[in-house]
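This is what each chain is made of:
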Amino acid sequence: MATARRTLGERVTGELPDGIAALGEDDQQYLADALGAAKRSQREELAAAAEDSLRYVPKLLRGPVRKAVGL
Amino acid sequence: MTARPEIERIARLLRLRPDQLGFLHDVDDAELMAFRSQLTDTLFDAHAGVLTRLGSAAKLLPSPVLAKIAQHVFGPLLCARVAGTIDPGKASEVAGRLPVEFLTDVAVELDPRRVEGVVGNLPDDLIADVARVLGGRQDWITLGQFVGFLGESPLAAAIGVLDDGQLLRAAYAVDSPHAIPAVVDVLGTDRLSEMFTAAAREDLFVALLRLASHLRDDQVPRLADAIMIAGRGTLDQLVAAAATCGHWHALLPMAAALPGDAKADVAEAVRELAPEVRADVVALATSLGVLDDLGPIADALAERAA
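Just so you know, these numbers come straight off a predicted model, no measurement behind them. (Residues numbered from 1 in each chain as written. Chains lettered and ligands numbered in written order. Predicted model: local features only at pLDDT ≥ 70, side-chain atom pairs only at ≥ 80, totals over all residues.)

### Thoughts on the confidence of the model for chain B
Residue and element names in this part refer to chain B. Mean pLDDT for chain B: 90, with 98% of residues reaching 70 or above. Looking at the elements of chain B, mean pLDDT is at its lowest for helix α20 (residues 296-305), recorded as 84, and at its highest for helix α8 (residues 124-137), recorded as 96. For this predicted complex, the interface score ipTM comes out at 0.84, alongside a pTM of 0.84. (pLDDT = per-residue confidence, 0-100. Helix = DSSP H or I, 4+ residues; strand = E, 2+ residues; numbered from the N terminus.)

Right, dumping it as C-alpha cells:
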C-alpha cells in the first residue's frame with residue numbers, strides 16, 4: 001500500500017523559515033524527499049559500518065563492543 | 001564568485017548538486033542559514049541513539065584501532081557524524097593518526113558546532129595541514145565554516161598556509177560573520193595590503209568588501225592603511241565592486257578613513273555612478289555617520305544626487 005510522502009514541515013524540527021515556507025509545493029517536496037533519502041542512506045551506512053567495524057576490533061573486545069553498540 | 005555558499009552547504013547536506021537547488025536563489029541568506037541549521041540538526045539527530053552507542057564503544061578501543069576503523073570502515077561522512085559523540089581528547093588522538101587527505105574529507109562533512117571540543121584539541125600544525133588541503137581543493141565552504149571555531153593560534157596557523165586569493169575566497173564563505181574581526185586581528189597590515197593587491201589581480205573585491213563589512217570600528221583605519229600600501233590604483237575597482245554588490249556600508253567607512261588625495265581618487269570614481277545610486281549612497285553615508293568625513297567624495301556624491 002502506498003504511503004503519503006512526508007512534507008518538508010514534517011521532516012524538519014521547528015517552523016520553516018518564511019522564505020522556505022513560501023517555496024512552491026513541488027520545490028518543498030523535492031527538498032523533503034532529498035532529506036528523506038539522505039537520512040535513509042545515513043541509516044544504512046551506519047548499520048553496515050557498525051557491523052564491519054568488528055573485523056578490526058581485537059577478538060577479546062568484540063563482545064563488549066557488540067554490547068555497547070547494541071548489535 | 002560561484003554559487004552562493006549557503007546553497008552549496010545545503011546541497012552538500014542533502015547530497016545534491018548546487019544546480020539542483022536553483023529554486024533557492026530567491027531565498028535570502030539568513031533564511032537559508034536557518035534552514036540549513038534545521039537540516040543539520042535533523043540529520044545529526046536522526047540516528048542519535050546509534051551514534052551515541054558508537055561513541056560509547058569507542059571508549060573501549062585504543063586510538064590506533066579506532067583510526068583504522070575510521071579510515072577503512074566508517075569513511076568520512078560517518079566519522080563526521082560520530083565525531084561529536086567521542087571524548088574530544090580521544091577524537092583528537094585518532095585525528096592525529098589519520099592521513100591528512102582523509103581528515104580533510106571528514107572536515108568537509110563535519111558540523112563544527114558539534115565538534116568544537118575536538119577541534120579545540122587539535123594541534124596547530126594539523127589544522128594548518130587540513131587548511132592547506134582545503135585551499136588546494138578550493139573548498140572555501142569548509143574553510144569558511146570553521147573560521148568561527150578556531151582560537152587565535154590555530155587560526156593564525158591556518159591563515160599562514162593560505163595565499164591571499166584563497167584567504168579572500170574563504171572569507172567570502174565565512175559561516176559566522178562575527179568571526180571576521182578575529183581573522184583581521186591575525187592579519188598584519190602588510191598581509192591586508194597584499195589581499196587588496198590579490199583582490200585587484202583576481203577580481204575578488206566583492207569578497208574583500210564582504211570581509212570589510214564585518215569589521216570592528218577600530219579595524220577600519222588599518223584597512224584604509226592597507227589600501228594605501230596596496231596602491232591607489234585599486235580604489236576605482238573597489239568603488240566598482242561596491243556598485244555591483246551593494247556593499248557601500250563596507251566601503252564608506254574605509255573611504256572616510258583614507259587620506260585626502262586618495263579620497264579625491266575615490267571621488268573621481270564615484271562621479272561615474274548613476275545619479276540614483278549616488279542619492280542612495282548619500283543616504284547611507286548619512287545613516288552611518290560618515291558623510292562629513294568623506295570630504296571630496298561627499299562633494300562628488302552631492303553633485304549628481306542634487
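### What to know about the confidence of the model for chain A
Per-residue confidence for chain A gives a mean pLDDT of 88; residues scoring 70 or more make up 93%. Mean pLDDT across the elements of chain A bottoms out in helix α4 (residues 59-69) of chain A (84) and peaks in helix α2 (residues 18-21) of chain A (96).

### Describing unusual backbone geometry
Residues and elements named next belong to chain B. Phi at R15 is positive, roughly 60 degrees, even though this residue is not glycine. When you line up the elements, R15 lands in the loop between α1 (5-13) and α2 (29-46). Positive phi, close to 60 degrees, is recorded for Q138, a residue that is not glycine. Residue placement: Q138 occurs in the loop between α8 and α9 (140-146). According to the C-beta neighbour criterion, Q138 is exposed, with 12 such atoms within 10 Å. (Buried ≥ 20, exposed ≤ 12 C-beta atoms within 10 Å, placed from the backbone.)

### Looking at the interface of chain B and chain A
Facing 33 residues of chain B, the contacting portion of chain A comprises 31 residues. Listing elements by their share of the side of chain B that touches chain A, those giving two or more residues are α2, α3 (48-59) and α4 (63-83) of chain B. Of the residues belonging to the side of chain B that touches chain A, the class tally is 21 nonpolar, five polar and seven charged. (Contact = placed C-beta atoms within 7 Å. Nonpolar A, V, L, I, M, F, W, Y, C, P; charged D, E, K, R; others polar.)

### Details of helix α15 (residues 220-230) of chain B
All names here are of chain B. Looking at α15, one finds that the buried residues are V220, L223, A226, I227 and A230. The buried side chains of α15 occupy one side of the element, clustering within an arc of 115 degrees when seen end-on. Those residues of α15 that are buried are in contact with α13 (189-202), α14 (205-212), α16 (235-245) and α17 (248-256). Looking one or two residues beyond α15, the residue adopting positive phi is G231, at roughly 120 degrees. (Arc of directions from axis to C-beta.)

### Looking at the nonpolar core
One recurring pattern in soluble globular proteins: nonpolar side chains tend to sit buried together. Residues and elements named next belong to chain B. A83, L168, A171, L208, L251, A255 and I297 are the most contacted members of the largest nonpolar core, which totals 104 residues. With 11 residues, the single largest contributor to this core is α4. Summarising the domain contributions, this core has at least three residues from each of domain 1 (124-187) and domain 2 (188-306). Dropping the residues within four chain positions of it, I297 is found in contact with A255, K263, V266, A267 and V270. (Core = buried A, V, L, I, M, F, W, Y, C linked by C-beta atoms within 7 Å. Domains from an automatic or database assignment.)

### Concerning the domain arrangement of chain B
Residue and element names in this part refer to chain B. According to the domain assignment, chain B consists of domain 1 (124-187) and domain 2 (188-306). Centre-to-centre separation of domain 1 and domain 2, based on C-alpha positions: 25 Å. Per-element tally for the side of domain 1 that touches domain 2: the top contributor is helix α11 (residues 164-172), with seven residues. Residues that form the side of domain 1 that touches domain 2 fall into these classes: nine nonpolar, one polar and two charged.

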